[in-house]
Amino acid sequence: MNPLVEFCISNLAMGSQETYDVLENDPNIDVLEYGCLSYCTMCSEKLYALVNGDMVEADTPEELTKKIYEYIKDNPLF
């Protein structure tokens, strides 16, 4: 079972698209995008994604990518 990373389409437009593209090319991560994840306040302020249901946030796409990989490493599914 791969880690699941979920993105809001509005947050992708805010700048997290770069992170989405990196993760989408990683065969060990499942990536989904939704019209809305119901975190509108967060969505308008920072880049974020839900990793296995937990929020990971950052100020830049590069930082978000790094934090997501760190989260996955520090919180294995098994």
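In this report, we go over the structure that sits alongside the text. (Residues numbered from 1 in each chain as written. Predicted model: local features only at pLDDT ≥ 70, side-chain atom pairs only at ≥ 80, totals over all residues. Heavy atoms only, no water.)

### What to know about the packing of helix 1 (residues 9–24) against helix 3 (residues 61–74)
To characterise two packed helices, one gives the angle between the axes of the helices and the distance between these axes. Relative to each other, helix 1 and helix 3 sit at 40°, their axes nearing to 8 Å. The angle between helix 1 and helix 3 places the two elements in the oblique class. Crossing angle aside, the handedness with which helix 1 passes helix 3 is right-handed. Side by side, helix 1 and helix 3 meet where G15, S16, E18, T19, V22 and L23 of the first sit next to P61, E62, L64, T65, I68 and Y69 of the second. Each residue belonging to the contact of helix 1 with helix 3 can be placed in one class, and the counts come to six nonpolar, four polar and two charged. (Axes fitted to C-alpha atoms, helices over the stretch in contact; angles between N-to-C directions. Helix = DSSP H or I, 4+ residues; strand = E, 2+ residues; numbered from the N terminus. Parallel < 35°, antiparallel > 145°, perpendicular 65-115°, else oblique. Left-handed = near helix turned anticlockwise from the far one by under 90°. Contact = heavy atoms within 4.5 Å. Nonpolar A, V, L, I, M, F, W, Y, C, P; charged D, E, K, R; others polar.)

### Quick word on unusual backbone geometry
The phi torsion at S38 lies on the positive side, around 65°, for a residue other than glycine. Relative to the assigned elements, S38 resides in the loop between strand 2 (30–34) and helix 2 (40–45). Taking the relative accessible area as the measure of exposure, S38 reaches 60% and is therefore exposed. Positive phi outside glycine occurs at N52, with the angle close to 50°. Inspection of the secondary structure puts N52 in the loop between strand 3 (47–51) and strand 4 (54–58). (Buried < 20%, exposed > 50% of the residue type's maximum accessible area, 1.4 Å probe, protein only.)

### Considering helix 1
Look at helix 1: only 14 Å from first C-alpha to last across 16 residues, short of the 22 Å you get at 1.5 Å a residue. At G15, helix 1 is deflected by roughly 100°, the largest bend along its length. Within the span of helix 1, buried status applies to N11, L12, S16, T19, Y20 and L23. Buried-residue contacts for helix 1 involve strand 1 (4–8), strand 2, helix 2, strand 3 and helix 3. (Expected span 1.5 Å × (residues − 1). Bend = angle between axes of the 7 residues up to and from the residue.)

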